[in-house]
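Commentary on secondary and tertiary structure
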Amino acid sequence: MSGLADRPEGALVGAALPHESAARHATGTAIYTDDLAAGRRDVLTAWPVQSEHAHALVTLDVAPALEVPGVVRVLTEADVPGENDAGAKHDEPLFPSEAMFHGHALAWVLGETAEAARLGAAAVRVAYEPLPSIITIAEAIDAGSFQGIAPTVRRGDAASALASAPHVFEGVCEVNGQEHFYLETHASLAHVDPEGQVFVESSTQHPSETQQIVAHVLGVPNHRVTVQSLRLGGGFGGKEMQPHGFAAIAALGATLTGQPVRVRLTRTQDLTMTGKRHPFHAAWRAGFDDEGRILALEATLTSDGGWCLDLSEPVLGRALCHVENAYWIPDIVVLGRIAKTHKTSQTAFRGFGGPQGMFVIEDILGRVAPVLGIEPAVLRERNLYRPGQTTPYGQEVRHAERLHHAWARVRAEGRVDERRAEIDAFNVAHPDVKRGLAITPVKFGISFTFTAYNQAGALVHVYRDGSVLVNHGGTELGQGLHTKMLQVAATALGVRMSAVRLAPTRTDKVPNTSATAASSGADLNGAAVKHACDQIRERLLPVAADLLGIDERDVRFTGGLVSGSDPDGTSLGFHEVVEAAYARRVQLFAAGFYRTEGLGWEPGTMQGTPFKYFAYGVAASEVEVDGFTGATRLRRVDIVHDVGDSLSPIIDLGQVEGGFLQGVGWLVLEELRWDETDGPGRGRLLTQSASTYKLPSLGELPDELNVHFLERATEDGAVYGSKAVGEPPLMLAFSVREAIREAVGAFGPDGHSVELASPATPEAVFWAVEAARGAGGDDAATGAGASDRLADAGLADAGLAAARRSPRAEH
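Residues numbered from 1 in each chain as written. Predicted model: local features only at pLDDT ≥ 70, side-chain atom pairs only at ≥ 80, totals over all residues. Heavy atoms only, no water.

Considering the overall build of the protein
A count of helices and strands for the protein gives 20 helices and 30 strands. Whereas a compact globule of 811 residues would reach a radius of gyration of roughly 28 Å, the protein reaches 28 Å, a difference of no more than 12%. Taken along its principal axes, the extent of the C-alpha atoms in the protein is 85 × 80 × 45 Å. Across the 811 residues of the protein, 61% fall into the buried class. Residue pairs in contact within the protein that sit at least 24 positions apart in sequence constitute 82% of those at least 6 positions apart. Averaging the coordinates of the 70 positive side-chain charges in the protein and doing the same for the 101 negative ones gives two points 3 Å apart. (Helix = DSSP H or I, 4+ residues; strand = E, 2+ residues; numbered from the N terminus. Rg over C-alpha atoms; globule rule 2.2 N^0.38 Å. Buried < 20%, exposed > 50% of the residue type's maximum accessible area, 1.4 Å probe, protein only. Contact = heavy atoms within 4.5 Å. Lys, Arg positive; Asp, Glu negative; His and termini not counted. Charge placed at Lys NZ, Arg CZ, Asp CG, Glu CD.)

Concerning the pattern of salt bridges
If you walk through the whole model with that rule in mind, you get 55 salt bridges. A salt bridge links glutamate 579 to arginine 464; the shortest N-O distance between them is 3.0 Å. Of the two residues, glutamate 579 is situated in helix α16 (residues 574–583) and arginine 464 in the loop between β18 (455–462) and β19 (468–472); the sequence distance between them amounts to 115 residues. One salt bridge in this structure joins arginine 553 and aspartate 551, with 3.0 Å as the shortest N-O distance. Given a relative accessible area of 70%, arginine 553 falls into the exposed group. (Salt bridge = Lys/Arg side-chain N within 4 Å of Asp/Glu carboxyl O.)

Regarding the packing of aromatic side chains
For any two aromatic rings, the description comes down to two numbers: the centre-to-centre distance and the angle of the planes. One pass over the structure, following the stated rule, counts 14 aromatic pairs. For the ring pair phenylalanine 101 and tryptophan 307, a centre distance of 6.1 Å and an interplane angle of 35° mean the geometry is tilted. Residue phenylalanine 101 is found in the loop between β4 (98–99) and β5 (105–111), and its partner tryptophan 307 is found in the loop between β15 (294–304) and α9 (312–320); the two are separated by 206 residues along the sequence. On the basis of relative accessibility, which here comes to 9%, the residue tryptophan 307 falls in the buried class. Ring centres of phenylalanine 557 and phenylalanine 574 lie 6.4 Å apart, and the angle between their planes is 70°; on these two criteria the pair is classed as edge-to-face. Placement of the pair is phenylalanine 557 in strand β22 (residues 556–558) and phenylalanine 574 in helix α16, with a sequence separation of 17 residues. The exposure classification of phenylalanine 557 matches that of phenylalanine 574, with both residues buried. Taken together, Tyr393, Trp601, Phe611 and Phe614 form an aromatic cluster joined through their ring pairs. (Phe/Tyr/Trp six-rings, centres within 6.5 Å; stacked < 30°, edge-to-face > 60°.)

With respect to the sheet that holds β4
Ordered by their spatial adjacency, three strands build an open sheet running β4-β2-β6, and the pairing between neighbours is antiparallel. Edge positions in the open sheet fall to β4 and β6 (125–130), since each of these has one partner strand only. In this sheet, β6 lies alongside strand β2 (residues 56–61) in antiparallel orientation, the contact comprising six bridges. Paired with valine 58 across the two strands is tyrosine 128, which belongs to β6. (Pairing = 2+ DSSP bridges.)

Quick notes on helix α6 (residues 207–218)
Taking 1.5 Å of rise per residue, 12 residues should cover 16 Å, and α6 covers 16 Å from first to last C-alpha, within 8% of that figure. Burial analysis of α6 places 11 of its 12 residues in the buried class, the great majority of the element. Those residues of α6 that fall on the buried side of the exposure criterion are Pro207, Ser208, Glu209, Thr210, Gln211, Ile213, Val214, Ala215, His216, Val217 and Leu218. Of the residues one or two after α6, glycine 219 is the one with positive phi, at around 75°. (Expected span 1.5 Å × (residues − 1).)

Focus: the nonpolar core
By size, the foremost hydrophobic cluster in this structure holds 104 residues, and its most contacted members are Trp284, Phe288, Leu301, Phe660 and Ile740. With 10 residues, the top contributor of residues to this core is helix α10 (residues 354–372). Leu486, Ala517, Ala522 and Tyr720 belong to the second largest nonpolar core, which has 52 residues in total. (Core = buried A, V, L, I, M, F, W, Y, C linked by side-chain atoms within 4.5 Å.)

What about the side chain of glutamine 479?
Tracing the sequence through the fold places glutamine 479 in the loop between β19 and α14 (481–493). Here the side chain of glutamine 479 touches leucine 477 through a polar contact of 2.6 Å, landing on its backbone nitrogen. Leaving out residues up to four positions away in the same chain, glutamine 479 has contacts with Thr516, Ile651 and Gln655. (Polar contact = N/O pair within 3.5 Å; in protein donor to acceptor, adjacent residues only side chain to side chain.)

Considering helix α18 (residues 734–745)
An ideal rise of 1.5 Å per residue puts 16 Å on 12 residues; α18 measures up with 16 Å between its terminal C-alpha atoms. Counting buried residues along α18, 11 of its 12 residues qualify, which places the element largely inside the surrounding structure.

Here's the deal with the pairing of strand β8 (residues 152–155)
Going residue by residue along β8, you find Val153 and Arg155 tucked away on one face and Thr152 and Arg154 left uncovered on the opposite face. Pairing analysis gives four bridges linking β8 to strand β16 (residues 331–339), with the strands arranged antiparallel. Considered in β16, the bridge of threonine 152 is made with leucine 335.

Structural notes on the sheet that holds strand β17 (residues 433–446)
Pairing is mixed across the open sheet formed by four strands, whose spatial order is β17-β28-β29-β30. Edge positions in the sheet fall to β17 and β30 (704–709), since each of these pairs with one other strand and no more. On average, adjacent strands in this sheet sit at an angle of 15° to one another, irrespective of strand direction. Two elements, β17 and strand β28 (residues 613–626), share 14 bridges in a ladder whose sense is antiparallel. (Axes fitted to C-alpha atoms, helices over the stretch in contact; angles between N-to-C directions.)

Some remarks on the side chain of histidine 641
Turning to its location among the elements, histidine 641 is positioned in strand β29 (residues 632–641). At a separation of 3.4 Å, a polar atom in the side chain of histidine 641 contacts the main-chain carbonyl oxygen of tyrosine 616. Once residues within four sequence positions are removed from consideration, histidine 641 is found in contact with Tyr616, Gly617, Val656, His708, Phe709, Leu710, Val725, Pro728, Pro729 and Leu732.

Overview of the packing of helix α15 (residues 521–548) against α16
Taken N-terminus to C-terminus, the directions of α15 and α16 make an angle of 105°; their axes are 9 Å apart at the nearest point. Between α15 and α16, the angle falls in the class roughly perpendicular. In contact with Leu540, Val543, Ala544 and Leu547 of α15, α16 contributes Phe574, Val577, Val578, Ala580 and Ala581. (Parallel < 35°, antiparallel > 145°, perpendicular 65-115°, else oblique.)

Section: the environment of arginine 337
The residue arginine 337 is located in strand β16 in this model. As a C-alpha pair, arginine 337 and cysteine 308 span 29 residues in sequence and 14 Å in three-dimensional space. Within polar-contact distance, the side chain of arginine 337 engages the side chain of threonine 302 at 3.0 Å.

Some thoughts on the environment of proline 696
Note on placement: proline 696 falls in the loop between α17 (649–669) and β30. Note on proline 696: relative accessible area 24%, which makes it partly exposed. With 33 residues separating them along the chain, proline 696 and glycine 663 place their C-alpha atoms 9.4 Å apart. Residues contacting proline 696, with those up to four places away along its chain left out, are Leu661, Gly665, Leu669 and Glu670.

See the structure below:
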């Protein structure tokens, strides 16, 4: 689409406008999926019967539940008219005969009230035949329990490069998962109209796939099912795949009873039944030259996929495509595999594997910098991509100079060098409290790695009074997508914002949509909306030119007025031109479509161009660590982030700040814990509420937060020159983790390589401080001398033996 990045005069894109629902959010008048149930009569509530074993064959006796007052029906596998499966991979039985994780929904009870449904679920008798279970990645590796594909990214000859590298290190790093903890838990409301049409309101990021799953469970064509997503109270990826089964339960219940059925999980149900960010285990071997340049990397990444595949394969693929983050690595081989464990099926989460991949190289650089005797910031800057270089999978790193511009700006405006000297002086004077300052980059690819998903549609109506109704395929998660779409439509048609309204996302208005995910919501849907508006404006041009008596090429649409190029000439209201066009039988509605150009990805070989472009960012963070408690205080953060030409600066600012803090939560605070014992609670999630799962809050915000957008960063080929901003800022939080590492290192001798658990909770930091204090010297530079090269297939197993060890230097 030519001219996609061009902005007209008077464009409303780029204006600093508030979120279109901000007032309703703040006053509590915004309507969410479960709110709709209150306005309907005879709504039944569905309640799950959850497994009390991590892995077991189950037999159900539902008769006692039917004796509970208010219980209407118990849904089991026998009630499914279509396919008993809630997933796209056909490995997620909606009603399982084999419980695969503690909390697995085995049946659903429909009650006239939530209390009746709850009591009915408690009355169902479940007979268990326990089976062996696998809870941790380590157990899965030992047992050879894997699922799905095992991709490899490869460039050059890493083995030879490592054999000749002056410095070679090896080690293991592990990163925990993360709970989405959206404010609105999973919710669906279904009813069947008199014509047999199944209508489902769902808090879903992927209405079209929810429609597809509901249809195949019911055994009907997709056109018999309509899914609407009004707005979501947060999603973060957790509502991309996981809502489908809940919507299917509501639809099945409504079909069988003839009454509306709601599913709305309690917080504990949501925590124990739904997937999280994938934990990762990585065993690695890296080579450096004397100047600290990375020469080679060998690694095996093992993700914990949980009990079924869900989105584990593309999550792993994106992790492998981001394992080098923003650094040039000439020779590299990275293997990936998915562990199958008896836990919730892990799923999409903001960053979609990218953060876990980047974690590997950032952890490596943080650990080896002291051993090499190079400042971590110098080591990172020295290895940044430069123009003309390509990723390990063969895509050019276009605009790599922006990384360096952002780095230089953060360093200068954040007074990084001056503050580092101040921190050194502070640390000398304070034996029990230390400060650290780290600067880290982000390079994040934008597009779905599954190429077919990089398409979007829109339907735009212009009414005779000049008002505009926009339908598009994206969902509003609170991230401001609808606000941006309003600005795109108003800009493309040249009308005021007040003239445009957005309709709820519905599968019968815009079909076959992709998920609102991969940071692509504004790119895809914005281009589709613009395409539809452009068609309508082109149809209006001859009408306006005739009315104004000017050439079509001189017609301007701006601010609700239509005029010629002469600012003092005659103008007409947009509504007047529309009315005249209607009288002339001009079509005033249009379907827009967009598909991302320039993509070419071969998942089998993991080579090609999976991304339209890269979003860049740099952050510098300063922390203070208490040596007695391990408590960390975030003192100051400076961020420069690349959003291209922002469609909506206030929205993007909020995304950068919120994404960064969510990343801090993942890396520093949020710790998922599962019962790994052999007792009766094995496999049970121990952190089942906000009282046991630590979330970031206002108290975790830095004392000083400075966020700036990279200037002169127009992205050609993206809608109005903008760039995606949903996911990339999360990874700016690596600067906080690395600052903690530097502060901990200040408690020990020079050259001490700090191993830091993830999340770096106060407990983990305390033990890292104790290790630093107890270090007797350059404990990381042991084991000098040649060693046998680790074979690719055995790298992870060899790395397991080195777990919780400092990296070994081989000179």
